[in-house]
Amino acid sequence: GTPQIAGEIALNYFYNYWFIELNGQYFGKSYLDMNPLYRTEFAVKGPDRTATPEEITYMTQQEALKPVALLNFSIGKSWYKNRHYNYGFSLNVNNILNNTWVVTGGYEQTRLYKSADFSHYLKYDSKYFYMQGINYMLNLYLRF
């Protein structure tokens, strides 16, 4: 279920305790969590107890998820008071492009049903998890 390819590239700027960062992330070669039942002889052969190459391919192939690129941004500032206190803020905005269509994971259901002619089994539709849209966090802090 986790990506096999993941990468990040970032641009950072820091001056006088201000920081700004813009980063892009890429995730690819992710797959749905497999259902072991679909890969058994029972499921592949079906009710007629014969396995064709098409049935084997249908039942055993694992579903790949689409690759995705994300864009994130953060900004913040720190101040020092009497060299004993540090206070500041940071604002993080994730998924700036508001990609709510991104499938982050999912699983194959652990159920089968018979085809109309009772010759083979069919899979139920997979269940998917989707990414939240744009989200943000504001952090205010005081260190002493």
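The rules behind the values
Per-chain numbering applies: the sequence of each chain, read as written, is numbered from 1 onward. Note on the predicted model: pLDDT of at least 70 is required for a residue's local features to be given, and 80 or more for side-chain atom pairs to be given and counted; whole-chain, interface and lining totals, by contrast, use all residues. As a rule here, side-chain values cover all heavy atoms of the structure and leave hydrogens and water aside. Only Phe, Tyr and Trp rings are paired, with Trp represented by its six-membered ring, and only when their centres lie within 6.5 Å; those with planes under 30 degrees apart are stacked, over 60 edge-to-face, the remainder tilted. Each helix is a run of DSSP H or I of at least 4 residues and each strand a run of E of at least 2, with the numbering of both proceeding from the N terminus. Under the scheme applied here, a residue whose accessible area is under 20% of the maximum for its type counts as buried, over 50% as exposed, and between as partly exposed, the area being computed with a 1.4 Å probe on protein chains only. In our convention, an over-ring charge means Lys NZ or Arg CZ found within 6 Å of a ring centre and within 35 degrees of that ring's normal. The salt bridge definition used is simple: a Lys or Arg side-chain nitrogen within 4 Å of an Asp or Glu carboxyl oxygen. Residues belong to one nonpolar core when they are buried, are Ala, Val, Leu, Ile, Met, Phe, Trp, Tyr or Cys, and are joined through side-chain atoms within 4.5 Å. Whether two residues are in contact is decided by their heavy atoms, any of which lying within 4.5 Å being enough.

Participant: Talk me through the packing of aromatic side chains; I want residue IDs and the actual numbers.
Facilitator: Applying the stated criterion to the full structure yields eight aromatic pairs. Considering the side-chain rings of Tyr17 and Tyr80, the 5.4 Å spacing of their centres and the 65° angle between planes classify their relative orientation as edge-to-face. Of this pair, Tyr17 sits in the loop between β1 (5–15) and β2 (18–28) while Tyr80 sits in strand β3 (residues 68–81), placing them 63 residues apart in sequence. When its relative accessible area of 40% is taken as the criterion, Tyr17 is described as partly exposed. A ring pair is formed by Phe42 and Tyr121, whose centres lie 5.3 Å apart and whose planes are at 40°; its orientation type is tilted. With Phe42 in helix α1 (residues 41–45) and Tyr121 in strand β7 (residues 121–123), the pair connects residues that are 79 residues apart, well separated along the chain. For the cation-ring pair, Arg111 lies above Tyr124, with the distance from its terminal atom to the ring centre recorded as 3.9 Å. The ring of Tyr58 is capped by Lys123, whose NZ or CZ atom sits 5.2 Å from the centre of that ring.

Participant: How would you sum up the pattern of salt bridges? Please name residues and give values.
Facilitator: Across all of its chains, the model carries two salt bridges by this definition. Here Lys45 and Glu41 are joined by a salt bridge, their closest N and O atoms 2.8 Å apart. With Lys45 and Glu41 both in helix α1 and four residues apart, the pair spans about one turn of that helix. Of the residues examined, Lys45 reaches a relative accessible area of 25% and is grouped as partly exposed. The exposed category is assigned to Glu41, whose relative accessible area is 53%.

Participant: Please give an account of the nonpolar core that cites residues and values.
Facilitator: Residues Tyr38, Ala43, Val44, Met59, Leu112 and Tyr121 constitute the largest nonpolar core, which totals six residues. Residues in contact with Leu112, not counting those within four places in the same chain, are Leu37, Tyr38, Phe42, Ala43, Met59, Tyr121, Leu122 and Tyr124.

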